[in-house]
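# Close look at the chain arrangement
Listed here are the chains, written in short residue letters.
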Amino acid sequence: MSKPILAIYYATETGNSETLARQAHERAVAEGQADAIVANISTLKPADLVSKQLALFVVSTWGDGEPPSDGCDFFYDLEKAQLDLSGLRYSVLGLGDRDYSDFNGFARKLDERLTALGAKALLPRAEADLDYEDTYNEWIGQALPLISEAVTAS
Ligand SMILES: Cc1cc2nc3c(=O)[nH]c(=O)nc-3n(C[C@H](O)[C@H](O)[C@H](O)COP(=O)(O)O)c2cc1C
């Protein structure tokens, strides 16, 4: 199999998740993942994930535990899809607000669905509140060494 390329996807309504995903991408490139890509989740079809080996998802939650609008089509299709994602290692960072009853509901549903399709979590889902910087820094700080290890071992 070819060297894994890191793909970072974001789903956002007001841009916070995109900002963090782009920061994560810059940091990944600086730390050696030169071919890493960053993209809106709306550009992704669930079947595309079958051929991916490493992915990070930065997603917010809207409505009451729902995806932001750019994540709706992807997640609707992912819920219906019957795919073997056992070749994929991934992690989800959720952005939310603890004042909502379904805190980080979409991040949780996405994580659970990826696991149900056979994908393996590189590290547990992180759930950030409105002050998301510390949670983001801790999550990306843990994720990137694991990604480097996975690339080196492949
Ligand atoms: C109308 C509205 C609904 C929201 N619903 C939820 C929710 O159900 N659960 C949650 O954890 N956060 C909820 N949030 C908080 C957002 O997820 C949070 O502000 C996040 O940082 C937005 O990131 P984005 O700019 O990437 O969309 C909601 C915010 C608004 C304004």
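Below, the structure is looked at part by part. Here the structure is a predicted model, which means the values were calculated and not measured.

## Observations regarding the overall build of the protein
A tally of regular secondary structure across the protein gives 4 helices and 6 strands. Put simply, the protein runs from its N terminus to its C terminus through helices and strands in the order β-α-β-β-α-β-α-β-β-α. Reported as C-alpha extents along the three principal axes, the dimensions of the protein are approximately 40 × 35 × 25 Å. A buried classification covers 51% of the 154 residues belonging to the protein. Entry remark: accessible area of the protein is about 7,500 Å², with carbon and sulfur atoms responsible for 49%. Each charge sign in the protein was given a centre, from 13 positive and 25 negative side chains, and these centres are 8 Å apart.

## What to know about the site of the ligand
What surrounds the ligand is a group of 20 residues, the closest being T12, T14, S17, T61 and N104. In this structure, D97 approaches the ligand through a main-chain N or O atom, which is 3.1 Å from an oxygen atom. Within the backbone of N104, an N or O atom sits 2.7 Å from an oxygen atom of the ligand. With the chains in place, 84% of the 650 Å² that the ligand exposes on its own is no longer accessible. Considering only residue class, the shell around the ligand consists of 5 nonpolar, 11 polar and 4 charged.

## Some thoughts on the environment of A36
The residue A36 is located in the loop between helix 1 (16-30) and strand 2 (37-40) in this model. Take A36: its relative accessible area is 8%, and that puts it in the buried class. Taking the C-alpha atoms as reference points, A36 and Q142, 106 residues apart in sequence, are found 17 Å from one another. In contact with A36, other than residues within four places in its own chain, are I5, L6, H25, A28 and V29.

## Here we look at the pairing of strand 3 (residues 54-60)
Most of strand 3 is tucked away: 7 of the 7 residues are buried. Alternating residues of strand 3 divide into L54, L56, V58 and S60 and A55, F57 and V59, and every residue in both groups is buried. When strand 3 meets strand 4 (residues 89-95), the two strands line up parallel, connected through 7 bridges. Paired with L54 across the bridge in strand 4 is R89. A crossover links strand 3 with its parallel partner strand 4, the connecting element being helix 2 (residues 72-80), and its sense is right-handed.

## Examining the packing of aromatic side chains
For the coordinates displayed, the defined rule picks out 2 aromatic pairs. With centroids separated by 5.2 Å and ring planes inclined at 80°, the aromatic side chains of F75 and F106 adopt a geometry described as edge-to-face. Residue F75 is located in helix 2, and its partner F106 is located in helix 3 (residues 105-116); the two are separated by 31 residues in the primary sequence. The class of F75 is buried, set by a relative accessible area of 6%.

## Structural notes on the nonpolar core
Counting residues in each nonpolar core, the largest one holds 27 residues, and the members touching the most others are L6, L56, L93, W139 and I147. Elements represented by at least two residues in this core include exactly strand 1 (6-11), helix 1, strand 3, strand 4, strand 6 (126-128) and helix 4 (133-153). Here the element with the most residues in this core is helix 4; it accounts for 8 residues. One finds V59, F75, L85 and Y90 within the second-largest nonpolar core, a separate group that totals 23 residues.

## Looking at helix 4
Here helix 4 contains 21 residues, and its C-alpha end-to-end distance of 30 Å stays within 8% of the 30 Å for a straight helix at 1.5 Å per residue. Among the residues of helix 4, those classed as buried are Y136, W139, I140, A143, L144, I147, A150 and V151. All buried residues of helix 4 project into a common sector of 135° when viewed along the axis, lining one side. Within helix 4, the exposed residues directed more than 90 degrees away from the buried face are D134, E138, E149, T152 and A153.

Cut-offs used in this document
- Residue positions are given per chain, counted from 1 along the sequence in the order it is written.
- Whole-chain, interface and lining totals are the exception, using all residues; otherwise, since this is a predicted model, local features are given only for residues with pLDDT of at least 70 and side-chain atom pairs are given and counted only at 80 or more.
- Values shown for side chains rest on all heavy atoms present in the structure; no hydrogens or waters enter the calculation.
- To qualify as a helix, a DSSP run of H or I must reach at least 4 residues; to qualify as a strand, a run of E must reach at least 2; elements of each kind are numbered from the N terminus.
- Remark: exposure states derive from per-residue accessible area (1.4 Å probe, protein chains only) relative to the maximum for the residue type, with buried under 20%, exposed over 50%, and partly exposed in between.
- Computed with a 1.4 Å probe, the accessible areas rest on the Shrake-Rupley method; for each residue, only the protein chains presented here act as cover.
- Only four residue types enter the tally: Lys and Arg on the positive side, Asp and Glu on the negative side, with His and both chain ends excluded.
- Think of each charge as sitting on NZ of Lys, CZ of Arg, CG of Asp or CD of Glu.
- Any residue with a non-hydrogen atom lying within 4 Å of a molecule or strand is treated as near it.
- Counting of polar contacts relies on pairs of N or O atoms within 3.5 Å, with two restrictions inside protein: one atom must be capable of donating a hydrogen and the other of accepting it, and residues adjacent in sequence are counted only when both atoms are side-chain atoms.
- Put simply, Ala, Val, Leu, Ile, Met, Phe, Trp, Tyr, Cys and Pro go in the nonpolar bin, Asp, Glu, Lys and Arg in the charged bin, and everything else, Gly too, in the polar bin.
- Here, residues are in contact when the closest pair of their heavy atoms is within 4.5 Å.
- When DSSP locates at least two bridges between a pair of strands, those strands are taken to pair.
- The definition of a right-handed crossover adopted here requires that, viewed with the strands pointing away, the path from the first strand over the helix to the second runs clockwise.
- Only the six-membered ring of Trp is used, alongside the rings of Phe and Tyr, when aromatic pairs are assigned; centres must lie within 6.5 Å, and planes under 30 degrees apart are stacked while those over 60 apart are edge-to-face, with the rest tilted.
- Within this scheme, the nonpolar core is defined by two criteria: the residues are buried Ala, Val, Leu, Ile, Met, Phe, Trp, Tyr or Cys, and they are joined through side-chain atoms within 4.5 Å.
- Here the expected length of a helix is defined as 1.5 Å per residue gap, with one fewer gap than residues.
- Directions pointing from the helix axis toward each C-beta atom define the arc.

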